[in-house]
Amino acid sequence: QNIVSALEQSGLTPSLLELELTESILIQNVEQVLATVKGLKRLGVKLSIDDFGTGYSSLSYLKRFDIDKLKIDQSFIRDLATDPDDAAIVHAIVQMAHSLNLKAIAEGVEHAAILQQLHDFGCDEAQGYYFARPMPADEFERYLAGRQLTPP
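Just so we're clear, the structure is a prediction, and the values are computed from it rather than from any experiment.

Hey, could you run me through the nonpolar core in this one?
Proteins that are soluble and globular tend to have nonpolar side chains buried together. Judged by nonpolar contacts, the single largest core of 32 residues is most densely connected at Leu70, Ile72, Ile77, Val90 and Leu118. When contributions to this core are tallied by element, the ones reaching two or more residues are helix 3 (30–43), strand 2 (46–52), strand 3 (69–72), helix 5 (74–77), helix 6 (84–99), strand 4 (103–107) and helix 7 (112–121). Looking at which element gives the most residues to this core, the answer is helix 6, with five residues. Other than its neighbours up to four places away in sequence, Ile72 contacts Phe52, Ile77, Val90, Ile93, Val94, Ala104, Ile105, Ala106 and Glu107.

Set out below in structure tokens:
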């Protein structure tokens, strides 16, 4: 109800809202969470599983919950360029996500080399200090206003 109210009050189109679900939330009271997730999806809200790969990572979540993205935990991203095991895990998660028609997003990107490797793996999105540090909304508005956006 809170999300529906917030959408109504803000006038935001539901498809522009993306909520991150932690794996711990998915294992608590599964049926209630599933009903809530289905309701949010009917509204058009996008959902991602946060920190994928660090918790239970049950693949059954990907079947039962109508998820849009897998957010790869930064613990795999941090040493991506130097640790072949992390590279293999990240590459496998990206491939699995794409096989399930999901997008893969990497969190914790701090260097251009990491971004390039993620690009080579076909990772759809990335976030991290390489792009910008977390900032308050008003500062973010100034940040965006100061960037040159080039059309595709």
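Just to check I follow, could you spell out the side chain of Lys41 for this structure?
Structurally, Lys41 is set in helix 3. Residues contacting Lys41, with those up to four places away along its chain left out, are Lys46, Leu47, Asp66 and Asp68.

Looking at this structure, how should I read unusual backbone geometry?
With the exception of glycine, most residues fall at negative phi, and the peptide bonds are largely trans. Positive phi, normally seen in glycine, also occurs at Asn101, with a value near 60°. Within the element layout of this structure, Asn101 appears in the loop between helix 6 and strand 4.

Scoring rules and cut-offs
- Residues numbered from 1 in each chain as written.
- Predicted model: local features only at pLDDT ≥ 70, side-chain atom pairs only at ≥ 80, totals over all residues.
- Heavy atoms only, no water.
- Core = buried A, V, L, I, M, F, W, Y, C linked by side-chain atoms within 4.5 Å.
- Buried < 20%, exposed > 50% of the residue type's maximum accessible area, 1.4 Å probe, protein only.
- Helix = DSSP H or I, 4+ residues; strand = E, 2+ residues; numbered from the N terminus.
- Contact = heavy atoms within 4.5 Å.

Nothing here speaks to function; it is all geometry.
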